Amino acid sequence: MAWPTTDPCSFSSFSKCVTKHLNLTFHVDFDSHVLKAKVALTVEVLVDNFTSLTLDTKDLKVSKVTANGQAAKFTLGAKHSFMGTPLEITLPFDLSRGQHVIVEVTYETAPSASALQWLTPEQTAGKKHPYLFSQCQATHCRSMVPCQDTPAMKHTYYAQVSVPKELVAVMSALRDGEEPDPQDSSRIIYRFRQPVPMPCYLIAIVVGALESREIGPRSRVWSEKEFVDKAAYEFSETETMLKTAEGLAGPYVWGQYDILVLPPSFPYGGMENPCLTFATPTLLAGDRSLSSVIAHEISHSWTGNLVTNKTWEHFWLNEGHTVYLERMIGRSMESEQFRQFKAMGGWKDLQESVNTFGANNPLTNLVPNLNEVDLDEAFSSVPYEKGFSLLYHLEELMGGPEVFMGFVKSYIQLFSYSSITTEEWKHYLFTYFKNKVGILNKVDWNAWMYTPGMPPVKPQYDSTMADACIALCKRWVKPCEEDAGSVPTQRLQQRRDPLQASSCSGVPSWLRLCVKSKWEDAVPMALKMATEQGRMKFTRPLFKEVYNFDKYHEEAVRVFIVHRAAMHPVTANLVAKDLKVDTDKST
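Residues numbered from 1 in each chain as written. Predicted model: local features only at pLDDT ≥ 70, side-chain atom pairs only at ≥ 80, totals over all residues. Heavy atoms only, no water.

- Under an unreviewed UniProt entry, the name given to the protein is Leukotriene A-4 hydrolase, and the organism recorded is Salmo trutta.
- According to UniProt, the comment filed for the protein under the heading Sequence similarities (unreviewed entry) is "Belongs to the peptidase M1 family."
- Taken from UniProt, the Subcellular location (unreviewed entry) comment for the protein reads in full: "Cytoplasm". (UniProt positions renumbered as here; feature names shortened; annotations may be inferred.)

Here's what the structure looks like:
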């Protein structure tokens, strides 16, 4: 199998040139909701007679391009429905293989940039200042920076960010000082440097009324002041997790490991931006997955950020290994039974994703074909949990967790600072376990990698902790049933104090079950939770469940349209598709 030199999700080709460094200059304009920006890309040429290159953009207003300081001609190609627009740059000179060129692009982002969410003061905890945050994974960096927007490309970056002086800027990089903006006394410039090469989907920026607290020798937690002390308490085990991960995977190379708690509209549980993990505020509201989310994002410091999938078809390399390492951290800090319990939950998540997509949907392949596929719509637990299931199956075949973790650590060391494919991973697996090639050859690789649906092998997990949970549940239910008599089960919930929508991670599932059971009193609660926070894991299923309740079909659409403007662009786009809303008419 030939390894790719192009990415179906990018207009740029990494067979002709590679980006080595970005120098970013951002002027954050809260009045117009745009970044007025420049980026200087240091590009290494890989072929002779090099005269042009293509960058990914999406809704950017490009005003000027230079190459080594000389004016360069540029054109913007046809706009693709979700990939954006190719920026074709013609150099004023020829270059040979091995030479470098600095291409500088002056541009402005669109107010609707899919990587950026601009919050009004009313949408923040403090209610006094606006807020900006980015989310570039998987292919949204191009709406913030013209770049080779592919995970095959790893580069360092430097940035200077001008913001109103009452606000603070942080990025996925080391802080490198601040100074008054010489162009405007009401603003301040923050500087950042990222010396470790990383893919551009990990570029991240946050601007707001932020405060921080130290939570470890190399860690701070950042948030609005209303939450910062609670966040510091909740994330107090961060250093212990970091040390545990280092014991398993090798040294942490990124220097700082900070956590930033975002406003409720952040669409994910966490995001592994280097030096600055993003976390949902639902983790501060009794979400029992807190330790797993942070262990997962810490693990990405090795699997994903240090060793990266070359293209998004190989996303399972990032996520399967990260779930495996996350659960090994849980094993070290808790027990093997705890790891088994989390794996059982993951299998159920995988089953739900397969049911949602359909068992024959090629997007449930571990390695899917992503030609003309919108990655936001393809996102699911498949690369996470099907990937973990494969690694766990191999662990059992190769000799247990200690033996297989030895392979994972060696794999990380070998491929650090690079982007790789499934074929490269598999080749190294066979090389590392050269004495067990006969066993590996019996694995049905086609069924695991390229066949839709559930994995060909279902692991037999230790159910000790799950059995204890089920027994406790039965003890809780039995006296309630005796007390309730003939009262329907769905009405039984009314006998309890109403649960706050944000109180724990189990509430969304409970609300979905209530709505599915046609309990009408649950509909307002479900829509309330779907709109008070924006974590897609909760918001999309809640909206869909209400939408599928015929009587409340129109109410789901009405509530979505009312709240759409306050949602993250990606969340709003996907919920609109779930509810079959014409996006042009809903704005």
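## Comments concerning the UniProt feature "binding site: a peptide" (unreviewed entry) in the protein
Okay, so step 1: What UniProt calls "binding site: a peptide" (unreviewed entry) maps, in this numbering, to Gln135, Cys136, Gln137, Pro267, Tyr268, Gly269, Gly270, Met271, Glu272, Arg535, Met536 and Lys537.
Okay, so step 2: Structurally, the position occupied by glycine 270 is in strand β19 (residues 270-271).
Okay, so step 3: Tracing the backbone shows lysine 537 in helix α16 (residues 536-548).
Okay, so step 4: For lysine 537, a relative accessible area of 55% puts it in the exposed group. (Helix = DSSP H or I, 4+ residues; strand = E, 2+ residues; numbered from the N terminus. Buried < 20%, exposed > 50% of the residue type's maximum accessible area, 1.4 Å probe, protein only.)

## Details of the packing of helix α2 (residues 238-249) against helix α3 (residues 290-299)
Okay, so step 1: In contact at an axis separation of 10 Å, α2 and α3 are set at 45° when each is read in the N-to-C sense. Compared by their axis directions, α2 and α3 come out oblique. For α2 against α3, the interelement crossing comes out right-handed. Across the interface between the two elements, Thr238, Met241, Leu242 and Ala245 from α2 touch Ser291, Ile294, Ala295 and Ile298 from α3.
Okay, so step 2: Within the contact of α2 with α3, the residues separate by chemical class into six nonpolar, two polar and no charged. (Axes fitted to C-alpha atoms, helices over the stretch in contact; angles between N-to-C directions. Parallel < 35°, antiparallel > 145°, perpendicular 65-115°, else oblique. Left-handed = near helix turned anticlockwise from the far one by under 90°. Contact = heavy atoms within 4.5 Å. Nonpolar A, V, L, I, M, F, W, Y, C, P; charged D, E, K, R; others polar.)

## Observations regarding the packing of α2 against helix α4 (residues 315-333)
Okay, so step 1: Two elements in contact, α2 and α4, have axes separated by 10 Å at closest approach and are oriented at 110°. The angle between the axes of α2 and α4 places the two elements in the roughly perpendicular class. For α2 against α4, the interelement crossing comes out right-handed. Of the residues in α4, those in contact with Thr240, Met241, Thr244, Ala245, Leu248 and Ala249 of α2 are Leu325, Met328, Ile329, Ser332 and Met333.
Okay, so step 2: When its residues are assigned to classes, the contact of α2 with α4 shows eight nonpolar, three polar and no charged.

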